[in-house]
Every structure is written in C-alpha cells, then in structure tokens.
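If you want the building blocks of each chain, they are given just below.
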Amino acid sequence: MIYSIQSKIDIKLKGLLYAIISLTLVSFVFFAIKYNEASSQKRGETLSKILKNNYFLGFNRFIFQNVSSPYSNIIHKIRKGENLTNIFKNYNIDQKDISEANSKLKKFIKSNNLKTGMILDIVIKKNTSGTQNLIKLNLPTSKSVNISLDRDVNEKFTVEKKITQLFRNLVFSESIIKKSLYASAIENNVDPNIILEFARVYGFEIDFQRDIRKNDVFQILYETFVDEDGEWYSNGKIIYTYMFVQNRELALYYYETDKFFGYFDINGKSVEKALMKTPINGARLSSNFGMRKHPISGYNKKHLGTDFAAPLGTPIMASGTGTVIKAQWCGGGGNCIKIRHNSTYTTIYAHLSKFARGIKSNSKVKQGQIIGYVGSTGLSTGPHLHYEVVGNGKRINSQKMNLPSGRILKGESRKKFEIKRIKTDVLLSETISKKIEF
C-alpha cells in the first residue's frame, strides 16, 4: 500500500502562508466595503459584487496555486519483487538521480533484495523538466540499522549508516612473539588500534624496542561491538592483558569507578606512572642519552635526549598528561612540542613532520594522546623523534627514570576491585573455553 502526504514542515509552512493570505484578503474586502458603501443598506450588495468580481477570483486562484509546496513526502511499503530502481521510476524520479542514488546506496543496500514490508520514506521535489528530484531517503534495513540518503547543498548525495542497537562481543587473542608484538598481534587478527592501546598500557613498564625477546608471550581480552548481522562496528576497551617478558609475568585488569579508571595488577597497584618510557610505538632506539659525536656538526657533545628512528609520519604520543607550552619551530629541533606535566617534569619532542590537530600552546593533552608525527625537520639526518625529559630544570635519561607508580587501591576500592578481578578471570576462562570448542 502506498501513501502520499505532505511533509510536516511543508504543512506548517503552507498553513502559515494560507493564514497570511486569508488575512490579506479579508482586509482587502473590509477596506473595499468601507470605500464603496454608500449606506448600510448597500453593504451586503457591495460585498457580494466584490466576491463575485472576476479579478478578485483570479487573484485568489493565482495566490493559492503558487503557494503549493513543490515537495512531497512519500511513505512506501515495499512489496514482493520490488527494487529501488522501479520504486524510483514509479514516482517519476529523474534518471540521473536514480543512477547517482543507486551508486551511493549499493554499499549499504542490496537493491534487488529488499525485504518485503520494509517502509521506505522518500522526499521528492518537482523540477522544471516535469520529473521529480530525489531529496531524501530513509530505509530501516533491520531493527538496529537505518540507512539514510540526503542531498547536500552542492546537489550531491551523501549516505549514512546509523546503528540504533549494538551487541557486545569479547575477543581473546594469545600468541608467542616471533618478530615483534605488532607483527604477532596482526597475524592473530588483532585490530591495529587495539595493539596501540595495548602498547600504551604496557609502555609504563616495558620498553618495546629493547625489552621484548623472541618467544615472549602476550594475551589480550577486549571488546568489539557488532550490529545484529554480526558486522563489526567498533572496538571497545581492553578488559584484561598479560605479558611474559624476560621471565617476568605482568597481568593487568581494567577497573573503573565514578571517579577514576585504569589498569591495575593483581595487587591493586596501578601500572600507570607520571610518564611513559617510550612515547612512540614501532620505533628503534637510534641514539642513547649521553656523550656522542653529532652526526651533522661532527663535534663530540652530550646528547641530552633519546632518539627513536621510525618511518616518516609515525604517530607520537604525549608521555604524560599536561599542558602544551610550546608547539612551533625550534631552530635545529625543527617542529617541536614542549609539554609541562607538573611542577617537576617537562617533556620535549623534536624534528616532527607536523603537529596533530588541535595541538597548540596552552592546549591540554592526556597521556597517550597523539600530539604529532615523526619527521626530519631542523638539523636531522633522517626521520626520527628526539625525546627529552626535564626534571627540576635538568635533562635526565628517560630510559633510566624510576618514577613512582600511580594509584594503589585500598579499603572499599580494593574489595570492589577483587570482586571485579575474579569476575574478569571467570569471563576470561569462559571466553577461552568457547574459543577452544569452536
């Protein structure tokens, strides 16, 4: 069954226009009567003549015909065997619009496999060629997925897939590291963004450029969200992680309250420290802190930072939460960023190719946030990050810092964490069991 109705907005607009026109016509009649009446006995006769006047009737007809909205809103219930093309043609939609709309929608909707009974909501507009232009389309393809097509100001179609309901899945991955954590995780189909978050969490305890050895082990349990058809939509948080590195075990649990969240070891101790050891992933330590021969000047000079060689454009993270006090050209340092973390520590990042969006003086940054990208600006022989840590005004070796750990859970928080940890262990066992059965 097909329905054709005026859109709510157009109805309100038309109603307003009708009210204005009616008021104008009534005013016209009133003043015409006042002007023409010779006596009270002639009032009815005068009114009758005005209302029957051909010019008045023509003016009235012209006004009401031209305020009719060119837009129509169609609610179409899809019947068996229908596809988008023949539905569009039934409503005399312009062929160019049909082709462009189908091209945009084919990524989201199988035009020849529309479900019978689905409701298609279309807005069309009359054009000068006698056909209709497609303005808007809305199609719920399932209980949780809605596809919308809109015509923008540039007369181009844009399509959006809107998810109204998502389903949480748990993914467990375990592997023995052969080359690198990243390579092993990718081989196990772990999403790259999850790998980066995993490295960020362990970045407080492990230097991924020097501490990782062949045959080290990692485990990870994390969330993904899918639609009702099982199609991936987004990643959630990492719930549990484990690493066996250099004969040392480190298991971490995600724990959240109304006031804080983070990753804690089995003793309720936060893994997070004031600063990360390495603010970049996938890099090679190319120059240590200390005396060295400068690669450009040739002079022996103390190197007051640590250099990490990495491909051009590799993301650089803020090693701690703080305020950007400089994001500009720094002479030999090229594009550089300076961040004040607290009254004690400041960090410097140099030779960047560019800054991340929104990074400027006085902007706030969080630990692990992308602040820029590896480059070779200033006095540099190749793409790398020059990283400095300043403590109480003095440059210090970032790789030998012994920073105090963060929060330690006590009292009621510790009790709640223990309950959460036990539940996570059970969830981990169940997820591994399902994976083995599968």
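To keep things clear, this report deals only with the structure shown in the data block. Just so it is clear, the structure is predicted and the values come from calculations on it, not from any experiment. (Residues numbered from 1 in each chain as written. Predicted model: local features only at pLDDT ≥ 70, side-chain atom pairs only at ≥ 80, totals over all residues. Heavy atoms only, no water.)

Side note on the overall build of the chain
What counts, and what does not: Starting at the N terminus, helices and strands are each numbered in turn, a helix being any DSSP run of H or I of at least four residues and a strand any DSSP run of E of at least two. Exposure is judged per residue with a 1.4 Å probe applied to protein chains only, and the accessible area is read against the type maximum: over 50% gives exposed, under 20% gives buried, and values in between give partly exposed. The contact rule is simple, with two residues in contact once any of their heavy atoms fall within 4.5 Å. Residue-level accessible areas treat just the shown protein chains as cover; the underlying method is Shrake-Rupley with a 1.4 Å probe.
Looking only at helices and strands, the chain has 8 helices and 23 strands in total. Here the chain, with 438 residues, has 42% of them falling under the buried criterion. Sequence separation of 24 or more characterises 62% of the internal contacts of the chain that already satisfy a separation of 6 or more. Of the accessible surface of the chain, which amounts to about 25600 Å², a share of 53% is contributed by carbon and sulfur atoms.

A closer look at the pattern of salt bridges
To keep it simple, the criterion reads: Any Lys or Arg side-chain nitrogen located within 4 Å of an Asp or Glu carboxyl oxygen qualifies as a salt bridge.
Applying the stated criterion to the full structure yields 10 salt bridges. The partner of Glu388 in a salt bridge is Arg395, with the nearest N and O atoms 2.8 Å apart. The class for Arg395 is partly exposed, based on a relative accessible area of 38%. Overlapping salt bridges bring together Arg414, Glu418, Arg421 and Asp425 as one network.

Considerations on the packing of aromatic side chains
Here is the rule we go by: Paired rings are identified among Phe, Tyr and Trp, the last through its six-membered ring, by centres lying within 6.5 Å, and are further divided according to the angle between planes into stacked (under 30 degrees), edge-to-face (over 60) and tilted (the rest). The criterion for a charge sitting over a ring is simple: Lys NZ or Arg CZ within 6 Å of the ring centre, and within 35 degrees of the ring normal.
All told, the structure shown has 12 aromatic pairs when counted by the stated rule. Note on Tyr255 and Phe264: the rings are 6.2 Å apart at their centroids and 80 degrees apart in plane angle, and the pair reads as edge-to-face. As far as burial versus exposure is concerned, Tyr255 and Phe264 are alike and both buried. Here a set of aromatic residues connected by ring pairs shows up, and it is made of Tyr240, Tyr253, Tyr255, Phe260, Phe264 and Phe417. The side chain of Lys354 reaches across the aromatic face of Tyr373, ending 5.5 Å from its centre. The ring centre of Phe260 lies 3.9 Å from the NZ or CZ of Arg407, which sits over that ring.

Here we look at the environment of Ile280
Note on placement: Ile280 falls in the loop between strand 11 (261-264) and strand 12 (284-287). Accessibility expressed as a relative area gives 1% for Ile280, which makes it buried. Note: C-alpha distance between Ile280 and Phe308 (28 residues apart in sequence) is 8.0 Å.

As for unusual backbone geometry
The phi dihedral of Glu155 is positive, around 65 degrees, even though this residue is not glycine. Structurally, Glu155 can be placed in the loop between strand 5 (145-151) and strand 6 (157-163). Under the relative-accessibility criterion, Glu155 is labelled partly exposed at 47%. The residue His351 is not glycine, and still its phi comes out positive at about 70 degrees. On the basis of relative accessible area, His351 is assigned to the buried category, the value being 7%.

Quick look at the state of the cysteines
Quick reminder of the rule: Note that a disulfide, as used here, is simply two cysteine sulfur atoms within 2.5 Å.
In total, this model carries 1 disulfide according to the counting rule given. In this model Cys330 forms its disulfide with Cys336; the gap between the sulfur atoms is 1.7 Å. A torsion of -45 degrees about the S-S bond marks the disulfide between Cys330 and Cys336 as left-handed. On the accessibility criterion, Cys330 (26% relative accessible area) is partly exposed.

Comments concerning a positive patch on the surface
Test applied: Patch membership needs two things, relative accessible area over 30% and no salt bridge, and members are linked within 9 Å if like-charged or within 5 Å if nonpolar (Val, Leu, Ile, Met, Phe, Trp, Tyr). Residues scored as charged are limited to Lys and Arg (positive) and Asp and Glu (negative), so that His and the chain ends carry no count. The location of each charge is read from NZ of Lys, CZ of Arg, CG of Asp or CD of Glu.
Together, Lys96, Lys104, Lys106, Lys107 and Lys156 give the surface a local cluster of positive charge. Positionally, Lys156 belongs in the loop between strand 5 and strand 6.

Side note on the pairing of strand 17 (residues 322-329)
Quick reminder of the rule: Criterion used throughout: strands pair if DSSP finds at least two bridges between them.
By the bridge criterion, 2 bridges tie strand 17 to strand 20 (residues 364-365) in an arrangement that is antiparallel. Residue pairing across strands places Thr323 opposite Lys364, the latter belonging to strand 20. With 6 bridges connecting them, strand 17 and strand 18 (residues 335-340) associate as antiparallel partners. Residue pairing across strands places Gln328 opposite Cys336, the latter belonging to strand 18. In this structure, the hairpin formed by strand 17 and strand 18 is closed by a connection of 5 residues, where Gly331 is found at a positive phi of approximately 65 degrees.

What about the sheet that holds strand 10 (residues 248-256)?
Rules: With axes taken as lines fitted to C-alpha atoms, and helix axes fitted only over the stretch in contact, angles between N-to-C directions fall between 0 and 180 degrees.
The 5 strands lie next to each other as 7-8-9-10-11, forming an open sheet whose pairing is antiparallel. Of all the strands in the sheet, the pair left with one neighbour each is strand 7 (167-176) and strand 11. Strand-to-strand twist in this sheet, taken as the mean axis angle between neighbours without regard to direction, amounts to 25 degrees. Judged from the 4 bridges that link them, strand 10 and strand 11 form a sheet pairing that is antiparallel. Looking across to strand 11, one finds that Tyr254 is bridged to Tyr263. Its contacts with the sheet place helix 7 (residues 192-202) against strand 8 (217-226), strand 9 (232-245), strand 10 and strand 11, and it is angled at close to 40 degrees to strand 9.

Observations regarding the pairing of strand 8
Most of strand 8 sits inside the fold, with 9 of its 10 residues counted as buried. Bridge analysis of strand 8 against strand 9 gives 9 bridges, and the strand direction is antiparallel. Residue pairing in the sheet places Val217 in a bridge with Phe244 of strand 9. Joining the antiparallel neighbours strand 8 and strand 9 is a turn of 5 residues, in which Gly230 adopts a positive phi near 85 degrees.

So, the environment of Ala327
Tracing the chain through its elements places Ala327 in strand 17. A C-alpha to C-alpha distance of 5.9 Å links Ala327 and Ser361, two positions 34 residues apart in sequence. Those residues within four positions of Ala327 in sequence are excluded, and the remaining contacts are Cys336, Ile337, Phe355, Ile359, Lys360 and Ser361.

Quick notes on the environment of Arg357
Relative to the helices and strands, Arg357 is located in the loop between strand 19 (345-355) and strand 20. Using a relative accessible area of 84% as the deciding quantity, one classes Arg357 as exposed. As a C-alpha pair, Arg357 and Gly372 span 15 residues in sequence and 8.3 Å in three-dimensional space.

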